[in-house]
Amino acid sequence: MKTELTVSGRYDKNENFVGRFTPRASVVFSPGEQHHFRASYQTGFRNPTIGDQYIKLNVGPIIILGGAPVNSQGLNAYENSFTAASVGAFASAFGAQVAQGVPFPTAVANNKDKLVKSNVPYIQPEQVQSFEIGYKGFFGQKILFDVNYYLSQYQDFLINTVVIRPDSEVLLDDGKVNAAAATDILGGKTQAFQLYTNAADQVSIQGISAGVSFILPKSYRLHTNATWTEFNLQDANPNNIPAFNTPSWKSNVTFSNPRLSDQLGFSVAWHWQSAFDWYGTFTSLTPGRIDAYSLFDAQISYKVPKLKTMVKLGAANLTNNYVVQAYGSPAVGGLYYLSLNFDDLLR
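Scope of this entry: the structure provided in the associated data block.

Rules behind the numbers
Residues numbered from 1 in each chain as written. Predicted model: local features only at pLDDT ≥ 70, side-chain atom pairs only at ≥ 80, totals over all residues. Heavy atoms only, no water. Salt bridge = Lys/Arg side-chain N within 4 Å of Asp/Glu carboxyl O. Helix = DSSP H or I, 4+ residues; strand = E, 2+ residues; numbered from the N terminus. Pairing = 2+ DSSP bridges. Buried < 20%, exposed > 50% of the residue type's maximum accessible area, 1.4 Å probe, protein only. Core = buried A, V, L, I, M, F, W, Y, C linked by side-chain atoms within 4.5 Å. Contact = heavy atoms within 4.5 Å. Axes fitted to C-alpha atoms, helices over the stretch in contact; angles between N-to-C directions. Phe/Tyr/Trp six-rings, centres within 6.5 Å; stacked < 30°, edge-to-face > 60°. Lys NZ or Arg CZ within 6 Å of the ring centre and 35° of its normal. Parallel < 35°, antiparallel > 145°, perpendicular 65-115°, else oblique. Left-handed = near helix turned anticlockwise from the far one by under 90°. Nonpolar A, V, L, I, M, F, W, Y, C, P; charged D, E, K, R; others polar.

1. A short note on the pattern of salt bridges
Working step 1: Using the criterion set out here, one finds seven salt bridges in the structure.
Working step 2: The salt bridge partner of arginine 38 is glutamate 132, with a shortest N-O separation of 3.4 Å. Residue arginine 38 is located in strand β3 (residues 35-46), and its partner glutamate 132 is located in strand β7 (residues 126-139); the two are separated by 94 residues in the primary sequence.
Working step 3: A salt bridge links arginine 38 to aspartate 146, with the nearest nitrogen and oxygen atoms 3.0 Å apart. With arginine 38 in strand β3 and aspartate 146 in strand β8 (residues 143-155), this residue pair connects regions lying 108 residues apart in the sequence.

Written as structure tokens, this is what we have:
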């Protein structure tokens, strides 16, 4: 019986972000040589790309602006702007009242409080915390079993948001909406920005994978595994979350013998995955269905000892079953190959 504990940590500092410490820990408990229980906790992050931080592209109607504070100096976009949705609501309500004969100043005063100051933070790294537990056991020197469960929690996803900056200050000293800023919107004295920032939403992913390997007589081997994955959007806005695009179920079965004879070996494998909905900009976040499919792979190998060479003839997707793996992508069929692996020729 033994227990192994591993603790580690990493500290990263980027000039645009506060220092970040990411600890990790794992423990393995082995009551005997054949059975092992494990658990781990990990944290991680992903820094925004150079473009996410420093892009400053004026495309006419809008300026695309990276989220590093130094990148927006003098533009007053993060500090002094209205949300795009509130600008639309204000303009619509103002227009309706003017059409009814309400004087311009009165219509502005009546509707300016529909404007909402944006509260867009400067960009920060995405973050993740992961927990995992698992077990691996060897039974009778012939069966190897492995199972694990994991849960990952993500936050601060990188997103874009559109704001409207008027020429005037958006708020007065008392915190109320400035009528001059509202008038700027109606007079076209504004600039639209697409800002890089982080979503406040949190999502989680959990999954279970299990595999069993059988060591059979005469070097035959049978291995099978299955994976279940679930994406939990929780209360998040789907527009703020990267598409998960992963089937709930995947499974594989492999039957092989690397020593069918002194020179001959083979392997056959079956792969299957369940149907799922694909989300992405290609479909404007409208789900596109990816059908379930299964594939067969096969390979035979032959050793040529005199030439110190292994000849392999095989196929991925042996039956040439055309499948689509991403919505809008072309269907892909079989791949057939012949390879020569040379060993020891230069020794």
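Back to the write-up after that little detour.
2. Some words on the sheet that holds strand β9 (residues 158-166)
Working step 1: Strand order in this open sheet of five strands is β4-β5-β10-β9-β6, and the pairing throughout is mixed. With one partner strand each, in any of the chains shown, β4 (56-58) and β6 (82-83) form the two edges of the open sheet.
Working step 2: Of the strand pairs in this sheet, β4 and strand β5 (residues 62-65) are connected by three bridges, and their pairing is antiparallel. In the sheet register, asparagine 58 faces β5, and the bridge partner there is isoleucine 63.

3. Remarks on unusual backbone geometry
Working step 1: You will see that asparagine 76, though not glycine, has its phi angle at about 60°, which is positive.
Working step 2: In this fold, asparagine 76 is placed in the loop between β5 and β6.
Working step 3: A relative accessible area of 29% means that asparagine 76 is categorised as partly exposed.
Working step 4: Even without glycine at this site, glutamine 141 takes up a positive phi of about 60°.
Working step 5: Residue position: glutamine 141 is located in the loop between β7 and β8.
Working step 6: Glutamine 141 gets classed as partly exposed once you look at its relative accessible area, which sits at 48%.

4. Here's the deal with the nonpolar core
Working step 1: By size, the foremost hydrophobic cluster in this structure holds 15 residues, and its most contacted members are Phe82, Val87, Phe90, Phe94, Leu115, Ala182 and Ile185.
Working step 2: In this view, isoleucine 185 contacts Phe82, Val87, Phe90, Leu115 and Thr190; residues no more than four positions away in its chain are not counted.
Working step 3: Counting residues in hydrophobic clusters, the runner-up holds eight residues, among them Ile63, Leu65, Val163 and Phe193.

5. Side note on the side chain of serine 72
Working step 1: Its place among the elements puts serine 72 in the loop between β5 and β6.
Working step 2: Note on serine 72: relative accessible area 2%, which makes it buried.
Working step 3: Aside from chain neighbours lying at most four places away, what touches serine 72 is Leu65, Tyr78 and Tyr122.

6. Regarding the sheet that holds β3
Working step 1: The strand order across the open sheet formed by 12 strands is β1-β2-β3-β7-β8-β11-β12-β13-β14-β17-β18-β19, and the pairing between neighbours is antiparallel. Every other strand in the sheet has two partners, leaving β1 (2-14) and β19 (335-342) as the edge strands with one partner each. The mean angle between the axes of side-by-side strands here comes to 10°, regardless of whether they run parallel or antiparallel.
Working step 2: As judged from the 12 bridges shared by β3 and β7, these two strands associate in the antiparallel manner. Across the sheet, alanine 39 pairs through a bridge with isoleucine 133, a residue of β7.

7. Comments concerning the environment of tyrosine 196
Working step 1: Topologically, tyrosine 196 is positioned in strand β10 (residues 190-198).
Working step 2: Overall, the relative accessible area of 15% leaves tyrosine 196 in the buried class.
Working step 3: In the structure, tyrosine 196 is positioned 130 residues away from glycine 66 in sequence and 5.2 Å away in space, judged by C-alpha atoms.
Working step 4: Ignoring anything within four residues of it in the chain, the contact list for tyrosine 196 reads Asp52, Ile55, Ile64, Leu65, Gly66, Gly67, Tyr78, Pro121, Ile123, Ile159 and Asn160.

8. Notes on the packing of aromatic side chains
Given two aromatic rings, their pairing is described by the distance between the two centres and the angle made by the two planes.
Working step 1: In the structure shown here, the tally under the stated rule is 11 aromatic pairs.
Working step 2: Judged by centre distance (4.8 Å) and plane angle (40°), the rings of phenylalanine 37 and tyrosine 135 are tilted. Of this pair, phenylalanine 37 sits in strand β3 while tyrosine 135 sits in strand β7, placing them 98 residues apart in sequence.
Working step 3: By relative accessible area, which is 14% here, tyrosine 135 ends up buried.
Working step 4: An aromatic cluster is present here, built from Phe37, Tyr135 and Phe145 joined pairwise through their rings.
Working step 5: For the cation-ring pair, arginine 20 lies above phenylalanine 45, with the distance from its terminal atom to the ring centre recorded as 5.6 Å.

9. Observations regarding the packing of helix α2 (residues 84-99) against helix α3 (residues 104-111)
Working step 1: At a closest axis distance of 9 Å, the pairing of α2 and α3 adopts a crossing angle of 140°. Judged on the interaxial angle alone, α3 and α2 are oblique. In terms of crossing hand, the pair formed by α2 and α3 is right-handed. Here Phe90, Ala93, Phe94, Gln97 and Val98 of α2 lie close against α3, whose contacting residues are Phe104, Ala107, Val108, Asn110 and Asn111.
Working step 2: Within the contact of α2 with α3, the residues separate by chemical class into seven nonpolar, three polar and no charged.

Geometry only, nothing functional implied.
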